[in-house]
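# Close look at the chain arrangement
Chain by chain, the residues run as shown.
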Number of protein chains: 2
Amino acid sequence: MRNVRGEMWKDLNIADLPRLSRFPFPVQSLGYTHGGIYPERTYHYERFEVCIRRYSQALTAAEYINGTAYRVKFPNVIMKSPGTVHTFGVEFPRDVVHFTYAAEMEAALRSMLPFPEKPVWEIHLGTKENQLITELMDLMEKSHEFGVTDRIDLAAFQLLELLIFSYNYSILRPDYYETRIRSIASYFQLHYKEEIDIVKLTAHYGMSRSTFLRHWQRFFRKTPGQYLLDLKLQEACRLLQEDHSLSVSDLTFELGFRESAYFCSLFRKKFGMTPLQFRHHAKIKSFQED
Amino acid sequence: MRNVRGEMWKDLNIADLPRLSRFPFPVQSLGYTHGGIYPERTYHYERFEVCIRRYSQALTAAEYINGTAYRVKFPNVIMKSPGTVHTFGVEFPRDVVHFTYAAEMEAALRSMLPFPEKPVWEIHLGTKENQLITELMDLMEKSHEFGVTDRIDLAAFQLLELLIFSYNYSILRPDYYETRIRSIASYFQLHYKEEIDIVKLTAHYGMSRSTFLRHWQRFFRKTPGQYLLDLKLQEACRLLQEDHSLSVSDLTFELGFRESAYFCSLFRKKFGMTPLQFRHHAKIKSFQED
């Protein structure tokens, strides 16, 4: 429908609808605005509102929040805090998606997520963000169906988290090497049991071995070798506890060590006991806890 | 890689990777198994593990958990609680996705989500569930990139919630009419400001007016008329507080009432004051809070 201001808009109040889970951040209402041009007005907010301005024919959004002027490019997101007064007009049609929380939720949300200090910031709407917005729009159509309010609560929280991260990311701007070092560390984390050809791997990311090592130590205290070894030994502990039928030579093979004696000596150096002593201790501990 | 049991599998330990947000349920590790046949063994779990058995050539999964036998069709999900002992073998290759939480997280998760009493249940893997599984698999590849661990934590929680709801839903099995009544209520919630042709709407859902009213009162205490009116009056309160420039006749039009006097009398009946008195009270309240 078009409201008195000539916009196409929807606002769905789900505050009183039941939830199946006790997720701590229930959404009160959500909705969208499509288009609409209206003169400058002043609004008084009583809830905590997240307002995603997805698109506008204008380049920037301008407004006063408690008397302070803000001007930010589109797309952007604005946090409307309870008790604040916002003054703005819309000269060119804009598309907005919003969701609100009860006023008393704001403090808890702020303690959980790394909110920027300013109330409005430019955002990047990527695949994941747009997917969540579409999901919210779809869920709006079936608010009374089984589990839908719970899904709205989680999707909204997830979207809020991404929008906040998008700000943090734009501040941090990881450099060329950081991006690559993080990719290599991700690769290590997933492939540590396999034989890793470091020279080949770093070449794939456009780095020599020495460049790689120089930048690696900017982000990690351990050497790449120690990092990989610790991943293996940590996994050894888990396997020793979980599956008592695995032998030391099974573990040696599974974790990609060349020899059992070598694996055992590394394990002992790290934990002060052999793998089988570790399993024995874990058994006793688990027995005592029962 | 293929492990000693001949499976293709991955397990990614993200327990020690940093998080940007303080979401209360950080995932410790996640991974998948593809295929693998192995004889009956006993496992001792020290963490809380959610294990989604997506697919198997076998019809059912059979196992002993702390000595009790369970047999459930595929796909199914199993909750492995810390301190429990599971015995099972795999005769036919199966595909599994799992994620784990620290042992001490289990109680908090159980208090937040409506877990079934039994540890293993049949599930439905729909579009949303599969999408979340794919997302987790994608995120596994880039664990060290900005914000990825946080996204894993949320996607895992969301997937767990859906799997638990899928059990609750299978127990409740809403009947033919409940499904339709919920769709109509969802429609009301989104379209209450517009003119709603109840006869046309209920006919669309294959019900006469009297059948609709009979089943409506199974789920709602208010009549449909009162339900729609309350939605309008609730929205009136919000608009009165937020935008002080809106007149009573603006509201009358925006909320789809025919006449201002009629709107005001309904508002007064519900809240004991006129719309403008309500706005005045809200202003004073907000002034006093400052």
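Everything quoted here is computed from the prediction, not taken from an experiment.

Conventions used here
Residues numbered from 1 in each chain as written. Chains lettered and ligands numbered in written order. Predicted model: local features only at pLDDT ≥ 70, side-chain atom pairs only at ≥ 80, totals over all residues. Heavy atoms only, no water. Helix = DSSP H or I, 4+ residues; strand = E, 2+ residues; numbered from the N terminus. Rg over C-alpha atoms; globule rule 2.2 N^0.38 Å. Buried < 20%, exposed > 50% of the residue type's maximum accessible area, 1.4 Å probe, protein only. Contact = heavy atoms within 4.5 Å. Lys, Arg positive; Asp, Glu negative; His and termini not counted. Charge placed at Lys NZ, Arg CZ, Asp CG, Glu CD. Domains from an automatic or database assignment. Buried area = accessible area lost by both parts, 1.4 Å probe. Salt bridge = Lys/Arg side-chain N within 4 Å of Asp/Glu carboxyl O. Polar contact = N/O pair within 3.5 Å; in protein donor to acceptor, adjacent residues only side chain to side chain. Least-squares fit on C-alpha atoms with pLDDT ≥ 70 in both. Phe/Tyr/Trp six-rings, centres within 6.5 Å; stacked < 30°, edge-to-face > 60°. Lys NZ or Arg CZ within 6 Å of the ring centre and 35° of its normal. Pairing = 2+ DSSP bridges. Expected span 1.5 Å × (residues − 1). Axes fitted to C-alpha atoms, helices over the stretch in contact; angles between N-to-C directions. Parallel < 35°, antiparallel > 145°, perpendicular 65-115°, else oblique. Nonpolar A, V, L, I, M, F, W, Y, C, P; charged D, E, K, R; others polar.

### Comments concerning the overall build of chain A
- Looking only at helices and strands, chain A has 10 helices and 10 strands in total.
- In summary, chain A has a C-alpha radius of gyration of 27 Å against a globular reference of 19 Å for 290 residues, an excess of more than 25%.
- Split into buried and exposed, the 290 residues of chain A put 53% on the buried side.
- Counted over contacts in chain A with a minimum sequence separation of 6, partners at least 24 positions apart contribute 71%.
- Within chain A, the 35 negative side-chain charges are centred at a point lying 6 Å from the centre of the 37 positive side-chain charges.

### Quick look at the domain arrangement of chain A
- Along its sequence, chain A is carved into domain 1 (8–172) and domain 2 (177–289).
- Distance from the C-alpha centre of domain 1 of chain A to the C-alpha centre of domain 2 of chain A: 43 Å.

### Concerning the interface of chain A and chain B
- Taken residue by residue, the interface counts 76 residues in chain A and 77 residues in chain B.
- When chain A packs against chain B, the two sides together hide about 7000 Å² of surface, and 56% of this comes from carbon and sulfur.
- Of all residues in chain A, the largest losses of buried area upon contact with chain B belong to His-144, Phe-146 and Leu-190 of chain A, amounting jointly to 11% of the total for that side.
- One can count eight salt bridges joining chain A with chain B.
- In this structure, Glu-194 of chain A and Lys-10 of chain B form a salt bridge, with 2.4 Å as the shortest nitrogen-oxygen distance.
- Counting the contacts that link chain A with chain B gives 33 residue pairs in polar contact (both at pLDDT 80 or more).
- Counting residues per element, the ones that place at least two in the side of chain A that touches chain B are strand S1 (8–13), strand S3 (38–44), helix H1 (106–112), helix H2 (127–140), helix H3 (148–172), helix H4 (176–191), helix H7 (224–242) and helix H8 (248–254) of chain A.

### Focus: the relation of the copies chain A and chain B
- When chain A is fitted to chain B, the best match, at an RMSD of 0.0 Å, comes from turning it 180 degrees and sliding it 0.0 Å along the axis. Seen this way, the second copy is the image of the first under a two-fold rotation axis. Within chain A, Leu-154 of chain A has its C-alpha nearest the rotation axis, a separation of 4.1 Å.
- Both copies present the same face, since 100% of the interface residues in chain A are matched by interface residues at the equivalent positions in chain B.

### Examining the pattern of salt bridges
Residues and elements named next belong to chain A.
- Under the criterion given, the structure shown has 34 salt bridges over all chains.
- The salt bridge involving Arg-258 is made with Glu-195; its shortest N-O contact spans 3.8 Å. Of this pair, Arg-258 sits in the loop between H8 and helix H9 (260–271) while Glu-195 sits in the loop between H4 and helix H5 (198–204); the two residues are 63 residues apart in sequence, bridging distant segments of the chain.
- Residue class for Arg-258 comes out exposed when judged on its relative accessible area of 73%.

### Looking at the packing of aromatic side chains
- Enumeration over the complete set of coordinates arrives at 47 aromatic pairs over all chains.
- Considering the side-chain rings of Phe-271 of chain A and Phe-278 of chain A, the 6.2 Å spacing of their centres and the 45 degrees angle between planes classify their relative orientation as tilted.
- The class for Phe-271 of chain A is partly exposed, based on a relative accessible area of 30%.
- Note on Phe-278 of chain A: relative accessible area 17%, which makes it buried.
- Here the aromatic rings of Phe-23 of chain B and Phe-157 of chain B are separated by 5.5 Å at their centres, their planes lie at 80 degrees, and the arrangement is edge-to-face. Here Phe-23 of chain B is found in the loop between strand S1 (8–13) and strand S2 (29–34), whereas its partner Phe-157 of chain B is found in helix H3 (residues 148–172), with 134 residues between them in sequence. Of the two residues, Phe-23 of chain B and Phe-157 of chain B, neither departs from the other in class, the shared state being buried.
- Taken together, the ring pairs connect Phe-23, Phe-25 and Phe-157 of chain A together with Phe-23, Phe-25 and Phe-157 of chain B into an aromatic cluster.
- Just above the ring of Phe-219 of chain A sits the side chain of Arg-182 of chain A; from NZ or CZ to the centre is 5.3 Å.
- A cation sits over an aromatic face here: Arg-53 of chain B above Phe-88 of chain B, 6.0 Å from the ring centre.

### Comments concerning the pairing of S1 of chain B
Residue and element names in this part refer to chain B.
- Among the six residues in S1, five count as buried, and that is most of the element.
- Across six bridges, S1 lies against S2 in antiparallel orientation. Pairing of Asp-11 across the sheet is with Gly-31, part of S2.

### A word on H3 of chain B
All names here are of chain B.
- For H3, with 25 residues, the first-to-last C-alpha span of 36 Å sits near the 36 Å given by 1.5 Å per residue.
- Of all 25 residues making up H3, 19 are buried, and the element is well covered by its neighbours.
- Two residues or fewer past H3, Arg-173 is found with a positive phi of approximately 40 degrees.

### A word on H7 of chain A
- End to end, H7 of chain A covers 27 Å across 19 residues, agreeing with the expected 27 Å (1.5 Å per residue, within 8%).
- Along H7 of chain A, 15 of the 19 residues are buried, which leaves the element largely enclosed by surrounding structure.

### Re the sheet that holds strand S10 (residues 120–122) of chain B
- Ordered by their spatial adjacency, six strands build an open sheet running S1-S2-S9-S4-S7-S10 (chain B), and the pairing between neighbours is antiparallel. Each having just a single partner strand, S1 and S10 of chain B make up the two edges of the open sheet. Neighbouring strand axes in the sheet, compared pairwise and without regard to direction, differ in orientation by 10 degrees on average.
- Contacting S1 and strand S4 (48–56) of chain B, H7 of chain A crosses the sheet at an angle of about 115 degrees to S1 of chain B.

### Examining the sheet that holds strand S3 (residues 38–44) of chain B
Residues and elements named next belong to chain B.
- The strand order S3-S8-S5-S6 describes an open sheet built from four strands, whose pairing is antiparallel. Of all strands in the sheet, those bounded by a partner on one side alone are S3 and strand S6 (68–73). Strand after strand, the sheet turns through a mean of 20 degrees between neighbouring axes, direction not considered.

### Notes on the packing of helix H7 (residues 224–242) of chain B against helix H9 (residues 260–271) of chain B
All names here are of chain B.
- Between H7 and H9, the shortest axis-to-axis distance is 11 Å and the interhelical angle comes to 90 degrees. Comparing the axis directions of H7 and H9 gives the class roughly perpendicular. Contacts between H7 and H9 involve Leu-229, Asp-230, Leu-233, Ala-236, Cys-237 and Leu-240 on the former and, on the latter, Phe-263, Leu-266, Phe-267, Lys-270 and Phe-271.
- Of the residues in the contact of H7 with H9, the class split is nine nonpolar, no polar and two charged.

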